[in-house]
Amino acid sequence: MPMTQGLLTIDDIRVSSARHEIVKGVSLSIGQGEIYGLAGESGCGKSTLLKSVTRLLPPGLRVVGGGLAFDGIDLLALPPEGMRRLRGRRLTFVSQNAVEALNDSRTVGAHFLETMRSHGRIGRKEALRQAAELMASLDLSDPGRILASYPFELSGGMNQRVLIALAMVMKPDLILADEPTSALDAAVQAQVVAEMMGLRERYRAAILIVSHNLGVLAHMAETIGVMYAGLLVERGPKGLVLGLPGHPYTRALIAAVPDLDGNMRDSVQGSPPSPGEVFPGCPFAPRCPEALAACAGTPPALRQVGDGHWAACHAA
Amino acid sequence: MGEPILECRDLRVTFRKGNRLIKAVDGVSFGVEPGECYGLVGGSGCGKSTLARLVTRLRDADSGTVWLEGRDVTGVTGRGLRAFYRKVQMVFQDPVASFDPRKKIGQSIAEVLRNFGLAERTALRAAINGALEMVGLSPEHGERLPGQVSGGQCQRAALARAVAVRPRLLICDEVTSALDVSVQAQIVSLLRRLQGELNMAIIFISHDLSLVRCFTTRLGVMLDGKIVETGPAAEVVSTPKHEHTKLLLSSLFPVPRSAPGP
Ligand SMILES: Nc1ncnc2c1ncn2[C@@H]1O[C@H](COP(=O)(O)OP(=O)(O)OP(=O)(O)O)[C@@H](O)[C@H]1O
Ligand SMILES: Nc1ncnc2c1ncn2[C@@H]1O[C@H](COP(=O)(O)OP(=O)(O)OP(=O)(O)O)[C@@H](O)[C@H]1O
Ligand SMILES: [Mg+2]
Ligand SMILES: [Mg+2]
C-alpha cells in the first residue's frame, strides 16, 4: 500500500499486553492541516493506537512492532525527556477519560499554568487570560469560575472542554483527540468542533480524531478510517467511506445510527472475537451477513476499491 | 395511570464557588411510571447529573422531596438506604471512577450480588459471567482491573453491575456515550428487554437526541437547573416548543446515509 510521507506516519504498528496482541498492525498517515477521523467497534484498539503515538500506554501494554514518525522524528527512539517536550506542545492528546487525565486536587487554572509555563515563557496573568479566552470560545460561559474550580466541581462536559482547551492552548501541530465530544450536547459540540477546525485554518494544525459520532467525523474529517478487532479494515475519503462503504462492518455501523424519526437498527448480531482468540480468516466473518467461503480461510488485506479508498474484504 | 415509581417534588441545590452561586437544580418536579423510560436531555452543565445524584440519594437536596413507590425517601439512611438501592440503581457518567481501581471488575460485580443476596456462593461465578455476557463482554474481562479495559467496555461493565441487581428503577447517565453505534443498538435492545421482563423503569440521560427519541417514551429538556419542556419524546423532537430544544435539534451533524448493502 503506498504511503505518503506525512506529518505523522504510523507504520504497521503493533501493541501487545502480556497475553494478547491488541493493535495488530495498523498503518496510516496524516499530513499537515489534515483531519483524519477514526471510528470502530468498542474495544477494537483506537485508544491504544493513540496512546502508542503519545507514548502514554498504561503499564502492561507495549509496542512490539512497527514504526512511528512525527515530522521526521522517530517517536519510538525518542528518549522520555524529548517525548515530554514534544507532547503538550507540538503534539497533544485529548484523553477519552477526562476525569483520569485531570488532577482532582488541582484547580483548572493550575493545569493551564503548568502546561503553558513548562512549554514556553509566559507570565501567570497573561497565561490565565489566554486560557480564559480559549475556554470562552468553547462555550464555557464563566471562565473565571472554571479556572478557580477543581475538576470534581465541574460537569462531565465541562471537564471534557477543559481537556480540549489544554490540548489546544499551545497551538500544536497535531492533536490526537480520543472521543473529544462524547460528553457534549449538540450545540456545544458544534461550537467545539468549529474551534478545533479553526485551529487547522489558522495554524495548519492536523487532527486525528476518534469518535463514535459518525456525523462529527463526516463534518470534520477529510479521511475516515474504520477499525475492527485491532485492524484498520477500511480507509478513504469520507464521501466514499460513508457514501459507498467497502466493508460490511462499515455498512452495519452506518445502518445502526439512530435517526430523528425513531428508527434504529440492531444491525450486527453477536460479539467481536474475544481477546486472544485466533482466527485464520477475516475477524468479522463470524458476524458478517455477506461472508463467503474464503472469508473463514485467509485474512483479507486492504485493497483498493475506489479512488484513495481501501477496504479489507474478500467480497469488496 | 397508577402510582408512579418515582416522584420528585421541587428539588433544589445551589453550589457556592467564590462569590458565584450556581443553581444546579432549581425547582425540579417530575414523576416516572413503573416500566416507563423517561429521557432527560439538556445542555452541558444544566444540572442533569446533579439531579440524578439527588434522586439516587448520593447528595442531599437543599430542599424538596423524593418519593419512591409512594414513600418519602428523602432522608432515608442505614437499612432504609440499603432497601432503596435494592430497587434503585444508577450507572454513572464516568464509569471508571465508579469502580474501585484496585478490584477486578468481576469482584466488584460479585460484591453487589452478595450484598443483596442475589447469588448463592456456588453460583456466583456463573452469575458474574452471565451479567458480563449480557452486555457483550466475556468472562475474561471480569478478570481485569477497570483501567485495563476500553472506555466502552468499562461503561458496559458498570451497566452489567447495575442491572445484576434487577432494580425497579435504573438511572443511566450517558450510558452509551463511549459505545459505537452498533454496540449501542445492542445495549438499547438489552435495556428494552429488561424493561419488559422486570417492568423496570429507566431515567435515560443522554446528549444524543436521536437515541433518546428512539428509546424513550417521554422526555424532559433541562436548561439552567429547570425542566423547560416536557412531553412525549416523538412530539418534543418533531415539534419542539422551547428555544433551547430547537437549538439542540438544529445543531446536530447529520450522517450521510449510504445506499443499502447487497
Ligand atoms: N492494560 C490492558 N491490559 C489488557 N488488555 C487491555 C488493556 N487495556 C486495554 N485492553 C484491551 O485492549 C482492547 C483495546 O482497548 P482500547 O481502549 O484501545 O479500545 P477502544 O477502541 O478505544 O474502545 P472504546 O471505543 O470502547 O474506547 C480492548 O479489548 C481492551 O479490553
Ligand atoms: N460539587 C460541586 N461544586 C460546585 N459546583 C458544582 C458541583 N457539582 C456540580 N456543580 C456545578 O453544577 C452545574 C451542573 O452540573 P452537572 O454535572 O449536574 O451538569 P450536567 O447537566 O450533568 O452536565 P454534562 O452534560 O456536562 O454532564 C455545573 O455548573 C457544575 O459546575
Ligand atoms: Mg477508547
Ligand atoms: Mg453530567
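This write-up is about the structure you can find in this document. (Residues numbered from 1 in each chain as written. Chains lettered and ligands numbered in written order. Predicted model: local features only at pLDDT ≥ 70, side-chain atom pairs only at ≥ 80, totals over all residues. Heavy atoms only, no water.)

1. What about the overall build of chain B?
Counting its regular elements, chain B contains 10 helices and 10 strands. Computed over the C-alpha atoms, the radius of gyration of chain B is 19 Å, within 12% of the 18 Å expected from 2.2 N^0.38 for a compact globule of 262 residues. Principal-axis analysis of the C-alpha atoms places the extent of chain B at approximately 60 × 55 × 45 Å. Here chain B holds 262 residues, and 53% of them are scored as buried. Relative to all contacts within chain B whose residues are 6 or more apart in sequence, the contacts with residues 24 or more apart total 66%. Carbon and sulfur atoms make up 51% of the accessible area of chain B, which amounts to about 11200 Å² in all. Averaging the locations of the 34 positively and 26 negatively charged side chains of chain B gives two centres separated by 4 Å. (Helix = DSSP H or I, 4+ residues; strand = E, 2+ residues; numbered from the N terminus. Rg over C-alpha atoms; globule rule 2.2 N^0.38 Å. Buried < 20%, exposed > 50% of the residue type's maximum accessible area, 1.4 Å probe, protein only. Contact = heavy atoms within 4.5 Å. Areas by Shrake-Rupley, 256 points an atom, 1.4 Å probe, with all protein chains shown as cover. Lys, Arg positive; Asp, Glu negative; His and termini not counted. Charge placed at Lys NZ, Arg CZ, Asp CG, Glu CD.)

2. Here we look at the coordination of the magnesium ion (ligand 3)
All names here are of chain A. Listed as protein donors to the magnesium ion (ligand 3) are Ser 47 (OG) and Gln 96 (OE1); their distances from the metal cover 2.0 to 2.1 Å. Highlighted residues: Ser 47 in helix H1 (residues 46-54) and Gln 96 in the loop between strand S6 (91-94) and helix H3 (98-101), separated in sequence by 49 residues. Overall, the relative accessible area of 17% leaves Ser 47 in the buried class. (Donors = N, O, S within 2.8 Å, 3.2 Å for Na, K, Ca; no water.)

3. Looking at unusual backbone geometry
One non-glycine residue with positive phi stands out, namely Arg 55 of chain A, at about 55 degrees. Relative accessible area serves as the criterion here: at 28%, Arg 55 of chain A is assigned to the partly exposed category. The residue Asn 199 of chain B is not glycine, and still its phi comes out positive at about 50 degrees. Within the element layout of this structure, Asn 199 of chain B appears in the loop between helix H7 (181-198) and strand S8 (201-205).

4. Observations concerning the site of ligand 1
Close contacts around ligand 1 come from 21 residues, with Ser 47 and Thr 48 of chain A together with Arg 144, Ser 150 and Gln 153 of chain B the closest. Those residues lying near ligand 1 are distributed over chains A and B. The contact in question runs from an oxygen atom of ligand 1 to an N or O atom on the side chain of Arg 144 of chain B, over 2.6 Å. Take Ser 150 of chain B: an N or O atom from its side chain is 2.7 Å from an oxygen atom of ligand 1. For ligand 1, whose unbound accessible area comes to 640 Å², protein coverage reaches 92%. (Near = heavy atom within 4 Å. Polar contact = N/O pair within 3.5 Å; in protein donor to acceptor, adjacent residues only side chain to side chain.)

5. Side note on the nonpolar core
Nonpolar side chains tend to gather and get buried jointly when the protein is soluble and globular. Within the largest apolar cluster, 69 residues are counted, with the highest numbers of intra-cluster contacts made by Phe 112, Met 135, Val 162 and Met 220 of chain A. Per-element accounting of this core gives the leading share, 8 residues, to helix H7 (residues 156-168) of chain A. The contact partners of Met 220 of chain A, leaving out residues within four places of it in the chain, are Ile 35, Val 193, Met 196, Met 197, Arg 200, Ile 207 and Ile 209 of chain A. One finds Val 91, Ala 157, Cys 172 and Ile 187 of chain B within the second-largest nonpolar core, a separate group that totals 53 residues. (Core = buried A, V, L, I, M, F, W, Y, C linked by side-chain atoms within 4.5 Å.)

6. Considerations on the packing of helix H6 (residues 151-164) of chain B against H7 of chain B
Residues and elements named next belong to chain B. Between H6 and H7, the least distance of the axes is 13 Å, while the angle of their chain directions is 5 degrees. Compared by their axis directions, H6 and H7 come out roughly parallel. From H6, Arg 156, Leu 159 and Val 163 reach across to H7, where they touch Val 183, Ile 187, Leu 190, Leu 191 and Leu 194. (Axes fitted to C-alpha atoms, helices over the stretch in contact; angles between N-to-C directions. Parallel < 35°, antiparallel > 145°, perpendicular 65-115°, else oblique.)

7. Description of the interface of chain B and chain A
Taken together, the contacts link 55 residues of chain B with 66 residues of chain A. Buried surface at the junction of chain B and chain A, both sides included, amounts to about 4500 Å², of which 59% is carbon and sulfur. It is Lys 17, Val 181 and Phe 253 of chain B that lose the most area in chain B upon contact with chain A, and together they represent 15% of the buried surface on that side. For the pair chain B and chain A, the number of links is 2 salt bridges. For Arg 20 of chain B, the salt bridge identified is with Asp 142 of chain A, shortest N-O distance 2.7 Å. (Buried area = accessible area lost by both parts, 1.4 Å probe. Salt bridge = Lys/Arg side-chain N within 4 Å of Asp/Glu carboxyl O.)

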